[in-house]
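# Structural features, examined
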Amino acid sequence: MKETEDNLAEMKVEKAGEGIRVKNVPNADLLSRCYELGKAMAEKVRSRL
Amino acid sequence: MKNTFKAVPVTEDVWWVGAIDWNIRDFHGYQTRRGSTYNAYLILTDTVTLIDTVKAPFREEMMARIASVIDPGKIDYIVSNHSEMDHSGSLPEVIAAVNPKKVFASAVGAKTLKELFSIDREITAVKDGETLSLGNRTLTFLETRMLHWPDSMFSYLNEEELLFSQDAFGMHYASLERFADESDPAILAYEAATYYANIILPYSPLVLKLIERVTAAGLSFRTIAPDHGPIWRKETGGIIGNYAKWAAQKPEAKAVVVYATMWHSTEMMARAISEGLAAGGLHVKLMSMDEVHRSDVVYELLGAGALAVGSPTLNNHLLPNMADILTYLTGLKPRNLIGAAFGSSSAPLSAPTAGAGRR
């Protein structure tokens, strides 16, 4: 995932939060974290509109 | 066989004499699903002038279109606005066949053409703002360095208010309709945006400066004649306005989630992030690199405010198609994005380095 984050940094993308990495299959808690990450990203975008 | 390739009148004095490439599907990694055109223009004034040429394999088509309105040997001047090979590949042979009095390019263009083709004759370098009399008409040259090559320039036919804009304001769209107002507006909107996203995007700050400069100079455009795709006439403000909008890269309420997956774990994460983005009020485009082309991702990013990127780990690295899209995106420099990375890996999270097991 570091490679992805390095590329995003090169594009000057502002991080909405820590990236999420899972071993094998995501469980319900992890998918909730993903959902919340999406919501956090949306909130940041909307604050810029 | 009688010549079926005809020149198309653009204005009273200007003719389209380009070529149509119905079959090209890849332009340096940019997928061109609708083919393309290589536009060249003939100014039939006191001094006959050819603006740009075409990709080498299409030289005969261009020469046939020229011959449909004038003996090609009567061409006095050739102007090269852009030395990239899709517009200059046939130049050496055209020069040999026509023997024009002069060939013009920007200073960088003149140097580049000589380097590319070993052209054994003088190419006259013109400066920004310089004018060239064609007898009853005048061309003004506008340097547009790095839009999108260092050599790039526009030529402006003053009396006709016609801009020969080389690659700017163009699109990859093969058709027999030469004018935007004859074409399907939905296709034009999509292809013009895709072209901007895949070619012009990294130079967006220069686009904004150029629009400012042209506005300050009070130039108006009745016709914009690009080197690819349909010619803009009647209504030229729309495409200029779109360029201003795309170049500003102002974020909108839209997110792109791009990912690849091996056994659906990263896909599950991508979908959960997408649901969260939508719950937060954004329009979401979820794109699997196993299914879409990199060109489509960049198109969707025009105007997006967020980008989430997910990849499984394969041999301690990204999946190859994710490395592909990230390499492409970093080169195109989209700006003003909120982002996040995500992904899955099968055990072990970190594979042993080479030789570790032998110690």
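The model shown is predicted, which means the values in this text are computed figures rather than measured ones. (Residues numbered from 1 in each chain as written. Chains lettered and ligands numbered in written order. Predicted model: local features only at pLDDT ≥ 70, side-chain atom pairs only at ≥ 80, totals over all residues. Heavy atoms only, no water.)

## Some details on the overall build of chain A
Quick note on the threshold: Strands are runs of DSSP state E lasting at least two residues, helices are runs of H or I lasting at least four, and both sets are numbered from the N terminus onward. Three labels apply to residues, based on accessible area from a 1.4 Å probe with only protein chains included: buried if under 20% of the type maximum, exposed if over 50%, partly exposed otherwise in between. For the accessible areas, the method is Shrake-Rupley and the probe is 1.4 Å, while residue cover comes only from the protein chains on display. Only four residue types enter the tally: Lys and Arg on the positive side, Asp and Glu on the negative side; His and the chain ends are excluded. To locate a charge, the coordinates of NZ of Lys, CZ of Arg, CG of Asp or CD of Glu are taken.
For chain A, the count of helices and strands is two helices and two strands. The N-to-C order of helical and strand elements in chain A reads α-β-β-α. Oriented by its inertia axes, the alpha-carbon framework of chain A measures out at about 35 × 25 × 10 Å. Buried residues in chain A amount to 35% of all 49 residues. Total accessible area on chain A stands at roughly 3,000 Å², and carbon and sulfur atoms take up 46% of it. Of the charged side chains in chain A, 10 are positive and 9 negative; the average position of the first set lies 1 Å away from that of the second.

## Re the side chain of Ser274(B)
Residue and element names in this part refer to chain B. Spelled out, the test is: By the convention used here, residues are in contact when the closest approach between their heavy atoms is within 4.5 Å.
Along the polypeptide, Ser274 turns up in helix H8 (residues 265-279). Judged by relative accessible area, Ser274 falls into the buried class, the value being 9%. Excluding anything up to four places from it in sequence, Ser274 contacts Val257, Val284 and Leu286.

## Focus: the domain arrangement of chain B
Put simply, an interface is often sized by how much accessible area is lost when its parts join up. All names here are of chain B. Worth spelling out the cut-off: Note that the domain bounds reflect an automated or database-derived domain assignment. By definition, the buried area sums, over both parts, the 1.4 Å-probe accessible area that each loses when the two are put together. Salt bridges are counted wherever a side-chain nitrogen of Lys or Arg sits within 4 Å of a carboxyl oxygen of Asp or Glu. Polar contact criterion, stated in full: a pair of N or O atoms within 3.5 Å, where within protein one must be able to donate a hydrogen and the other to accept it, and residues adjacent in sequence count only if both atoms are side-chain atoms. All residues other than Ala, Val, Leu, Ile, Met, Phe, Trp, Tyr, Cys, Pro, Asp, Glu, Lys and Arg, Gly among them, are scored as polar; the first ten of these are nonpolar and the last four charged.
With domains assigned, chain B is organised as domain 1 (8-248) and domain 2 (254-342). Contacts between the two partners involve 14 residues from domain 1, matched on the other side by 13 residues from domain 2. Summed over both partners, the interface of domain 1 with domain 2 comes to about 1,200 Å²; 58% of that surface belongs to carbon and sulfur atoms. Area buried by domain 1 at its contact with domain 2 is led by Asn198, Leu201 and Pro202, which between them contribute 36% of it. Remark: the boundary between domain 1 and domain 2 carries one salt bridge. Between Asp296 and Arg33 there is a salt bridge, with the nearest N and O atoms lying 2.7 Å from each other. At the junction of domain 1 with domain 2, the criterion picks out six residue pairs in polar contact (both at pLDDT 80 or more). Listing elements by their share of the side of domain 1 that touches domain 2, those giving two or more residues are strand S5 (30-31), helix H5 (185-200) and helix H7 (237-248). The dominant element in the side of domain 1 that touches domain 2, judged by the number of residues it contributes, is H5, at six residues. Partitioning the side of domain 1 that touches domain 2 into residue classes produces nine nonpolar, four polar and one charged.

## Considering the pattern of salt bridges
Residue and element names in this part refer to chain B. Enumeration over the complete set of coordinates arrives at 22 salt bridges over all chains. Linking Arg222 and Glu161 is a salt bridge whose minimum nitrogen-to-oxygen distance equals 3.4 Å. Here Arg222 is found in the loop between helix H6 (204-217) and strand S16 (223-225), whereas its partner Glu161 is found in the loop between strand S14 (153-157) and strand S15 (162-164), with 61 residues between them in sequence. Residue Arg222 is classed as partly exposed on the basis of its relative accessible area of 47%. Accessibility expressed as a relative area gives 25% for Glu161, which makes it partly exposed. Bridged by salt links that share partners, the residues Asp181, Glu182, Arg233 and Lys234 form one connected network.

## Remarks on H8(B)
Our working rule: Expected helix span is given by 1.5 Å per residue-to-residue step, counting one fewer step than there are residues.
Its 15 residues give H8(B) an end-to-end C-alpha distance of 21 Å, which sits within 8% of 21 Å, the value for a rise of 1.5 Å per residue. Within the sequence span of H8(B), burial applies to Ser265(B), Thr266(B), Met269(B), Ala270(B), Ala272(B), Ile273(B), Ser274(B), Gly276(B) and Leu277(B). Each element contacted by the buried residues of H8(B) is listed here: strand S2 (20-23) and helix H2 (28-48) of chain A together with strand S18 (254-259), strand S19 (283-288), strand S20 (306-310) and strand S23 (338-345) of chain B. Phi turns positive one or two residues past the end of H8(B), at Gly281(B), with a value near 100°.

## Details of the environment of His264(B)
Among the secondary structure elements, His264(B) is positioned in the loop between S18 and H8. Among the polar contacts listed, one links the side chain of His264(B) to the side chain of Glu267(B), at a separation of 2.8 Å.

## What about the interface of chain B and chain A?
Each partner contributes to the interface: chain B provides 42 residues, whereas chain A provides 35 residues. Between chain B and chain A, the buried area comes to about 3,400 Å², and carbon and sulfur atoms account for 69% of it. On the chain B side of the interface with chain A, the three residues burying the most area are Thr330(B), Ile338(B) and Ala341(B), jointly 17% of the side's total. Put simply, chain B and chain A have zero salt bridges between them. The interface formed by chain B and chain A includes 14 residue pairs in polar contact (both at pLDDT 80 or more). Residue assignment for the side of chain B that touches chain A shows that the elements contributing at least two residues are H8, S20, strand S22 (317-318), helix H10 (320-332) and S23 of chain B.

## What to know about unusual backbone geometry
Residue and element names in this part refer to chain B. Note that the residue after Leu147, namely His148, is joined by a cis bond; omega there is 5°. Here His148 is to be found in the loop between strand S13 (138-143) and S14. You will see that His28, though not glycine, has its phi angle at about 55°, which is positive. With respect to the helices and strands, the residue His28 is situated in the loop between strand S4 (26-27) and S5. The class of His28 is exposed, set by a relative accessible area of 64%. Non-glycine residue Asn316 carries a positive phi angle of around 70°. Counting through the fold element by element, Asn316 comes out in the loop between strand S21 (313-314) and S22. Residue Asn316 is classed as partly exposed on the basis of its relative accessible area, which comes to 37%.

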